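# Summary of structural features
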Amino acid sequence: MAFNPFGIKPMPINKTFTDWNKLYPKSYDKNEVDPYTKVRVILANGAEFEAQWFLHNFARHCNNNDIRREIALTRRSEQQQQKRISMLKPKDESTLETTISYEQLAVDLTAVMAQNEPDPYVKAALDFALLEDFDHLYRYSDLLEMEEGIRGERLVGSYTEIMPGRPTISEHRYPFDDVRRFAPRGSSDMRTNLHAMIITAAEQQTMNYYMNIGQTHKTDLGRRLYSEIAMIEEQHVTQYESLIDPNATWLESALCHEYSECYLYYSLMEDETDPHIRDIWEQHLQAEIAHLHAAANMLKKYERKEWQQIIPVGEFPQLLSFDKNVANNKKYVREVLSNTVNNTSVLEEYTEVCSVPENYEFFKYNDTVNGSSGNVASHNVIEQYITEAGEDYRFEEKSHPVKELRCRTCDNTDVGRTCR
């Protein structure tokens, strides 16, 4: 049934505030929870981080204290939502275990979006980063099994395969080559706008997470791996944020942010299998509807624009669903691996690495940051695992679709990086 949040009577934002007990909900049981419930928790947390980041920056670029008071009210409500979501993570879940869920989210969310993305250029961006997050899942999973004796397939529930993607050593590109063309909001399908905003929030949260927890890891190898992959997350945020139309005013952007959160919470609510957490998504949806109407009112008051001028159709497009896409995601990732694993980017375009001139900045930068492969943590994790176990750790349902990445006793550092 179609759902239009603009057609729902909102509660007053003051009614969204709650007490400390509700901000400390019962955590999920890490041994019993569905892996996609964990993924949804991380995704919602990322949306709330994005809300904070955006609204604080809005306040810093606004000289009208009436507007700043209104967005402070919304922001306080968003902060309470974030605290509640973050406490769903249990105390006994290790940082590395949580990291596996972060990367599963990155892989499966990107795959779901790419399969439903109407803009070919945005789809290509999703496919490109998909293979990199897929490789991160493999590297962290080997580290987890090596250091904590926990097999990644148990954490991902066999929903997501664990095997090499585009090797992380090959992902380090010159900064110019992660900036993309933006998708003009007025001429874009609403799915494109929603995908760009949601994937930016998700990747930004992953970047922030690794920036802040990497140094707390207990081993030097793990600390180095977090540092390396955090740099790739910076590249992914650069890519995805550049897809968002930068021509919107702050108030137009505020409306789009709140609409995106409404869409996301409605999708999570419809997809959720845990009744306790589904109730939280439903409650947060009602709060976001209140935030959305407040943003629409400010847009009308201060810029004399109706919400329909920014979002022509208020009814949600096809919802995001993890549970309905398990088999499709696995097949899709394998197809993208087969077709694009050797891709890199040159400015706004994607191309096979063998087509890039030898003197191009990609090779210079990659050599500068990596030096020899022996200095690279993502490679060292796999090499150390192979040394100890005889072969790497994977969860494959059948042989790897890329011949060069099938070897279990050596880690390929050429795919996507050289023509060898």
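Since this is a predicted model, take the numbers as computed values, not measurements. Every chain begins its residue count from 1, and numbering advances along the sequence as written. Two thresholds apply to this predicted model, a pLDDT of at least 70 for residue-level local features and 80 or more for giving and counting side-chain atom pairs, whereas whole-chain, interface and lining totals are computed over all residues. Think of the side-chain values as coming from all heavy atoms in the structure, minus any hydrogens and water.

### A look at helix H10 (residues 326-340)
Going along the chain from the N terminus, every DSSP run of H or I of four or more residues is numbered as a helix, and every run of E of two or more is numbered as a strand. Any helix carries an expected span of 1.5 Å times its number of residues minus one. The terminal C-alpha atoms of H10 lie 21 Å apart, and with 15 residues this matches the ideal 21 Å at 1.5 Å per residue to within 8%. Partly exposed residues are those whose accessible area sits between 20% and 50% of the maximum for their type, while under 20% is buried and over 50% is exposed, using a 1.4 Å probe and protein chains only. Every buried residue of H10 is listed here: Val326, Asn329, Lys330, Tyr332, Val333, Arg334, Val336, Leu337 and Thr340.

### Brief notes about the nonpolar core
Nonpolar cores were defined as sets of buried Ala, Val, Leu, Ile, Met, Phe, Trp, Tyr and Cys residues, with membership established by side-chain atoms within 4.5 Å. Grouped together as the largest cluster of nonpolar side chains are 114 residues, with contacts concentrated most on Leu43, Phe58, Leu109, Tyr210, Leu255 and Trp281. Considering every element that reaches this core, the biggest residue donor is helix H4 (residues 120-148), with 15 residues. In this description, contact between two residues means that some pair of their heavy atoms is separated by no more than 4.5 Å. For Leu109, the contacting residues outside a window of four places in its chain are Leu43, Gln104, Ile198, Ile199, Ala202, Leu320 and Phe322.

### Regarding the packing of aromatic side chains
Two rings from Phe, Tyr or Trp (for Trp, the six-membered ring) form a pair when their centres sit within 6.5 Å of each other. Planes less than 30 degrees apart are called stacked, planes more than 60 degrees apart edge-to-face, and all others tilted. The tally for this structure, following the rule as stated, stands at 24 aromatic pairs. Taking 5.0 Å as the distance between ring centres and 45 degrees as the angle between the ring planes, the aromatic pair formed by Tyr140 and Tyr226 counts as tilted. Separated by 86 residues along the polypeptide, Tyr140 in helix H4 and Tyr226 in helix H7 (residues 220-241) bring together distant segments of the chain. Among the residues examined, Tyr226 registers a relative accessible area of 0% and is labelled buried. Between Tyr209 and Tyr210, the aromatic rings sit 5.9 Å apart at their centres with planes inclined by 50 degrees, giving tilted as the arrangement. Tyr209 gets classed as buried once you look at its relative accessible area, which sits at 15%. Taken together, the aromatic side chains of Phe3, Phe6, Tyr259, Tyr263, Tyr266, Trp307 and Phe316 make up a single cluster linked through ring pairs. We call a charge positioned above a ring when the Lys NZ or Arg CZ atom is no farther than 6 Å from the ring centre and deviates by at most 35 degrees from the ring normal. Its guanidinium or amino end placed over the ring of Tyr121, Arg181 lies 3.9 Å from that ring's centre, counting from NZ or CZ.

### Section: the packing of helix H2 (residues 65-86) against helix H8 (residues 250-271)
Helix axes are fitted to C-alpha atoms over the stretch in contact, other axes to C-alpha atoms as well, and angles between N-to-C directions run from 0 to 180 degrees. Between H2 and H8, whose axes approach to 13 Å, the crossing angle comes to 25 degrees. Judged by the inter-axis angle, H2 sits roughly parallel to H8. In the packing of H2 onto H8, the handedness of the crossing is left-handed. In this structure, H2 contributes Ile67, Thr74, Glu78, Gln81 and Ile85 to the contact, and H8 contributes Leu251, Glu258, Glu261 and Tyr265. In this count, Pro and Cys sit with the nonpolar residues alongside Ala, Val, Leu, Ile, Met, Phe, Trp and Tyr, while Asp, Glu, Lys and Arg are called charged and the others, Gly among them, polar. Looking at the contact of H2 with H8 residue by residue, the classes come out as four nonpolar, two polar and three charged. Any angle that falls under 35 degrees is termed roughly parallel, while one over 145 is termed roughly antiparallel, one within 65 to 115 roughly perpendicular, and all others oblique. Handedness of a crossing is defined here by the sense of rotation of the near helix relative to the far one, left-handed for an anticlockwise turn of less than a right angle and right-handed for a clockwise turn.

### Remarks on the state of the cysteines
Disulfide: a pair of cysteine sulfur atoms within 2.5 Å of each other. Taken as a whole, this structure holds one disulfide when the rule is applied. The closest cysteine sulfur to the non-disulfide-bonded Cys262 is located on Cys256, 12 Å from its own sulfur.

### Topic: the side chain of Asp108
Residue position: Asp108 is located in helix H3 (residues 95-115). Neither His nor the chain termini are counted; the positive set is Lys and Arg, and the negative set is Asp and Glu. Put simply, a salt bridge is a Lys or Arg side-chain nitrogen that is within 4 Å of an Asp or Glu carboxyl oxygen. Here Asp108 sits buried without a salt bridge, and the closest side chain of opposite charge, Lys330, lies 8.5 Å off (N-O distance). In this structure the side chain of Asp108 is engaged in a polar contact, spanning 2.4 Å, whose partner is the side chain of Tyr36. A 3.5 Å cut-off defines polar contacts: any pair of N or O atoms within that distance qualifies, except that in protein one atom must be a possible hydrogen donor and the other a possible acceptor, and neighbouring residues in sequence count only when both atoms are side-chain atoms.

### A word on the pattern of salt bridges
With the rule as written, the count across this model stands at 27 salt bridges. With a shortest N-O distance of 2.7 Å, Glu132 and Arg173 are connected by a salt bridge. Residue Glu132 is located in helix H4, and its partner Arg173 is located in the loop between helix H5 (152-156) and helix H6 (190-213); the two are separated by 41 residues in the primary sequence. Pair check on accessibility: Glu132 and Arg173 agree, each one buried. Note that Arg151 and Glu145 form a salt bridge whose closest N and O atoms lie 3.8 Å from each other. The exposure class of Arg151 is partly exposed, given its relative accessible area of 39%.

### Let's talk about the packing of H3 against H7
At a minimum axis distance of 14 Å, the contact between H3 and H7 shows a crossing angle of 30 degrees. Put simply, H3 runs roughly parallel to H7. Here H3 and H7 pass one another in a crossing that is left-handed. Side by side, H3 and H7 meet where Thr95, Leu96, Thr99, Glu103 and Thr110 of the first sit next to Tyr226, Ile229, Glu233 and Tyr240 of the second.

### Quick notes on the pairing of strand S1 (residues 343-346)
In this structure, S1 lies alongside strand S2 (residues 349-352), joined through four bridges in antiparallel fashion. Across the sheet, the residue bridging to Thr344 is Thr351, located in S2. Pairing between two strands is assigned when DSSP locates at least 2 bridges connecting them. From the end of S1 to the start of S2, which pair antiparallel, there are two residues, and Leu347 there has a positive phi angle of about 50 degrees.

### Remarks on the environment of Phe134
Structurally, Phe134 is set in helix H4. Here Phe134 falls in the buried class, since its relative accessible area comes to 2%. For the pair Phe134 and Glu103, spaced 31 residues apart in sequence, the C-alpha to C-alpha distance is 7.2 Å. Beyond its immediate chain neighbours, meaning those up to four positions away, Phe134 contacts Val107, Glu161, Met163, Pro164, Gly165, Val333 and Leu337.

### Overview of the side chain of Thr418
Within the secondary structure layout, Thr418 lies in the segment after helix H12 (377-389). Note on Thr418: relative accessible area 18%, which makes it buried. Aside from chain neighbours lying at most four places away, what touches Thr418 is Val353 and Cys354.

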